[in-house]
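Each chain is listed here by its residues.
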Amino acid sequence: MKKIISIILAVMMLSAIALLGVSCGNSADTFEPVAKEDLKIGLITLHDKSSPYDKNFIESMSRALANLGLSESQLYLYTGVDESSNCYDKAKACVNQGCQIVFADSFGHEDFIIQAAQEFKNVHFAHATGTKAHTVQLNNYANAFAAIYEGRYLAGIAAGMKLNEMIDNGDITADEAVMGYVGAFTYAEVISGYTSFYLGAKSVCPSVTMKVKFTGEWYHFDKEYSAAKTLIDEGCVLISQHADSYGAPTACEEAGVPNVSYNGSTAEQGPNTYIVTSKIDWTPYFEYIINCAIEGKALDYDWTGTLATGSVKLEALSDVAADGTQAKIDEALAKFAAGTLHVFDTSTFTVGGKTLTSYEADVDYDDKYTADTEVIKDGYFHESEYRSAPYFDIRIDGITLLDEQY
C-alpha cells in the first residue's frame, strides 16, 4: 500500500487543534454539566456494519469514546433504523435510557430527530447531512457534515491518473476515458459528490467524461451492482459511487474495472480493482459533542469538518493506483492548505457551454426549497460554507445522467 499521510497533512492537523477546541454553544448555556463517567450517548444508524456508510459512523464513535476515556458501555447503539417514525421511537428510547446526547446518521432521520428535540429539551440531539438546524434554531438540535467534496476531488485525481495510465498503455484512447458513477438520489449531496470527483479527475485527465446512474436507494446491493454493470456496458472504464453497499465494487471486480469507493475501503471486495476511498471521519465531531455535553454547553447549529480538522480523509492508495498518483494528491493537498485550490472553481467547468458568474442556492430551509443565497464569489462556488450540508446542485457539462427519476 502506498503511503497517503504527508507532511502537509501533519501541518494541517497541527493548525486544526485550536479549531477543534473552539467553544461549544449557539446561544446561552442551558444544560447541566455531566460527569464523564455518567455520560450516555445514543447512536442511531440507518443500517449496520454491513453498510460502509454506517460502519464508518459506528467505528468513528468507538474511536471518540476511546480517545476521551469513555467506555463502550456508555453507548446505546440502534442499527437498522429506517427513515420513519421508528427513528423518533429510537431517539425516545435513548432518552429513556438516560442519554444526554442522541445522534442520527441519515438524511431522512432529520424530521424525527427534530420532533424528539422539541419534546426533550434537556438532551443534545445532532444529525448528519441535515439542512434545518440553522433555520429552526432549537437550542438542543444541531446539524453536522464535512467538506467531503475536497476528499472526493482528491479521489478523483487518483481516478484521473489511472485513466492516464490506461491511455498511455494503449488500453483506451483519450476519447474513451469515460467514468461511471453510481448515485443514490439526485440530492445536492450526491450531485456535489459526483461533480467534485469528476473535477478532480479532469484536473489531471482533461478528456475525461462521466455517466451517472441512480438507484433510488441509499443501500441496495442488487440495484448498485446492476447500475455498475449498466455503466460498464455503456463504456465506462472506471467506476465510483455514492451508495452504501458493496454492490458496485463487486461488479467492478468481476469485470476487471478499476473502482474508487466511498466511506471505507473495499479492497477486500475488489483486491484487483480497488484504488482508493474518500470518507468523512466523524471522530472529531463526536469528540466535540461529547465535550459539549460534559461542559453543559449547547452545540453549534451547523458544524462543517474539513481536511484541517481531520474530518475529511483519503485512505491509503492501493497497488492498483497509477504511478505518480501520490505526488499529484500531495500537490493538491498543498494547494488546499494554502487556500489556492477551490474544488468548484468556476473557471474549471461550464454549464451549457457558459461559465457561471452567479448562482443562488437553497441554503435556508423552507418547504418550497427556495433559492435564497448567492454562493459564487471570488471565482468559485462556496460549498458547505453557509450550511454544513452540501447545496451544490448544478449539472455541469461533461457529465451525463442516464436516468433522472430519483
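Keep in mind it's a predicted model, so treat the numbers as computed, not measured.

Time to look at the domain arrangement of the chain. In terms of domain boundaries, the chain breaks down into domain 1 (29-147 + 283-305) and domain 2 (149-278 + 316-341 + 391-401). Centre-to-centre separation of domain 1 and domain 2, based on C-alpha positions: 30 Å. With 13 residues of domain 1 in contact, the opposing surface of domain 2 contributes 12 residues. In total, about 1100 Å² of surface goes out of reach between domain 1 and domain 2, with carbon and sulfur atoms giving 58% of it. Run the count over domain 1 and domain 2 and you get 0 salt bridges. At the junction of domain 1 with domain 2, the criterion picks out 3 residue pairs in polar contact (both at pLDDT 80 or more). Counting residues per element, the side of domain 1 that touches domain 2 draws most heavily on helix H3 (residues 52-67), which supplies 3 residues. A class-by-class count of the residues in the side of domain 1 that touches domain 2 yields 6 nonpolar, 6 polar and 1 charged.

The end-to-end C-alpha distance of helix H4 (residues 85-96), which contains 12 residues, comes to 17 Å, matching closely the 16 Å that a straight helix rising 1.5 Å per residue would cover. Inspection of H4 places Cys-87, Tyr-88, Ala-91, Cys-94 and Val-95 among the buried residues, and these make up the whole buried set. All buried residues of H4 fall inside an arc of 115° around its axis, so they share one side. In this fold, the buried residues of H4 make contact with strand E1 (41-44), strand E2 (75-78), strand E3 (101-104), helix H5 (110-119) and strand E4 (124-128). A positive phi of about 95° marks Gly-98, the residue just after H4.

If you walk through the whole model with that rule in mind, you get 1 disulfide. In this model, Cys-24 is linked to Cys-292 through a disulfide, with the two sulfur atoms separated by 1.9 Å. Disulfide Cys-24-Cys-292: torsion about the S-S bond near -100°, hence left-handed. Linking Cys-24 in the loop between helix H2 (17-20) and E1 with Cys-292 in helix H11 (residues 283-295), this pair joins segments that are 268 residues apart in sequence.

Relative to the helices and strands, Asp-111 resides in helix H5. A relative accessible area of 44% means that Asp-111 is categorised as partly exposed. Along the primary structure Asp-111 and Ser-85 are separated by 26 residues, whereas in three dimensions their C-alpha atoms are 9.1 Å apart. Among the polar contacts made by the side chain of Asp-111, one reaches the side chain of Lys-132 at a distance of 2.4 Å.

Residues Phe-103, Leu-163, Met-179, Tyr-194, Trp-282, Tyr-285 and Phe-286 are the most contacted members of the largest nonpolar core, which totals 99 residues. Take this core: its biggest share by element is 11 residues, from helix H7 (residues 148-168). Each of two domains, domain 1 (29-147 + 283-305) and domain 2 (149-278 + 316-341 + 391-401), supplies a minimum of three residues to this core. Tyr-88, Cys-94, Val-123 and Leu-138 belong to the second-largest nonpolar core, a separate cluster that totals 22 residues.

This part takes up the side chain of Gln-74. As for its position among the elements, Gln-74 is in the loop between H3 and E2. A distance of 2.9 Å separates the side chain of Gln-74 from the backbone nitrogen of Ser-71, its partner in a polar contact. Gln-74 has contacts with Lys-36, Glu-37, Asp-38, Leu-39, Lys-40 and Ile-41, leaving out every residue within four places of it along the chain.

With that settled, consider H5. Among all positions in H5, only Glu-110, Phe-112, Ile-113, Ile-114, Ala-116 and Ala-117 are buried. In the core, the buried residues of H5 are packed alongside E1, H4, E3, E4, helix H6 (133-136) and strand E5 (141-146).

Counted according to the given criterion, the structure contains 28 aromatic pairs. With a centroid separation of 5.1 Å and an interplanar angle of 65°, the aromatic rings of Phe-185 and Trp-218 are classed as edge-to-face. Remark: Trp-218 occurs in the loop between strand E7 (209-214) and helix H9 (221-233) and Phe-185 occurs in the loop between strand E6 (178-183) and helix H8 (188-202); sequence separation between them is 33 residues. Taken individually, Phe-185 and Trp-218 each receive the classification buried, so the pair is uniform in this respect. Where Tyr-365 meets Tyr-369, the ring centres are 6.5 Å apart and the plane angle is 85°; that geometry is what we call edge-to-face. Its relative accessible area of 57% is what places Tyr-369 among the exposed residues. Counting every residue linked through ring pairs, the aromatic cluster contains Tyr-53, Phe-57, Phe-103, Trp-282, Tyr-285, Phe-286, Tyr-288 and Trp-303. Between Lys-132 and the ring centre of Tyr-365, over which it is positioned, the NZ or CZ distance is 4.4 Å. The aromatic ring of Tyr-262 is capped on one face by Arg-152, whose charged end is 3.6 Å from the ring centroid.

Right, let's talk about the environment of Gly-98 for a bit. The topology assignment puts Gly-98 in the loop between H4 and E3. Considering only alpha carbons, one finds Gly-98 and Gly-235, 137 residues apart in sequence, at a separation of 54 Å.

Before going further, it helps to examine the sheet that holds E5. Sheet strands pair via backbone hydrogen bonds, and the direction of the pair is either parallel or antiparallel. One open sheet accounts for 6 strands, arranged E2-E1-E3-E4-E5-E11; its pairing is parallel. Each having just a single partner strand, E2 and strand E11 (302-305) make up the two edges of the open sheet. Strand-to-strand, the axes of this sheet are offset by a mean angle of 20°, without reference to chain direction.

Rules of the game
- Residues numbered from 1 in each chain as written.
- Predicted model: local features only at pLDDT ≥ 70, side-chain atom pairs only at ≥ 80, totals over all residues.
- Heavy atoms only, no water.
- Domains from an automatic or database assignment.
- Contact = heavy atoms within 4.5 Å.
- Buried area = accessible area lost by both parts, 1.4 Å probe.
- Salt bridge = Lys/Arg side-chain N within 4 Å of Asp/Glu carboxyl O.
- Polar contact = N/O pair within 3.5 Å; in protein donor to acceptor, adjacent residues only side chain to side chain.
- Helix = DSSP H or I, 4+ residues; strand = E, 2+ residues; numbered from the N terminus.
- Nonpolar A, V, L, I, M, F, W, Y, C, P; charged D, E, K, R; others polar.
- Expected span 1.5 Å × (residues − 1).
- Buried < 20%, exposed > 50% of the residue type's maximum accessible area, 1.4 Å probe, protein only.
- Arc of directions from axis to C-beta.
- Disulfide = S-S within 2.5 Å.
- Core = buried A, V, L, I, M, F, W, Y, C linked by side-chain atoms within 4.5 Å.
- Phe/Tyr/Trp six-rings, centres within 6.5 Å; stacked < 30°, edge-to-face > 60°.
- Lys NZ or Arg CZ within 6 Å of the ring centre and 35° of its normal.
- Pairing = 2+ DSSP bridges.
- Axes fitted to C-alpha atoms, helices over the stretch in contact; angles between N-to-C directions.

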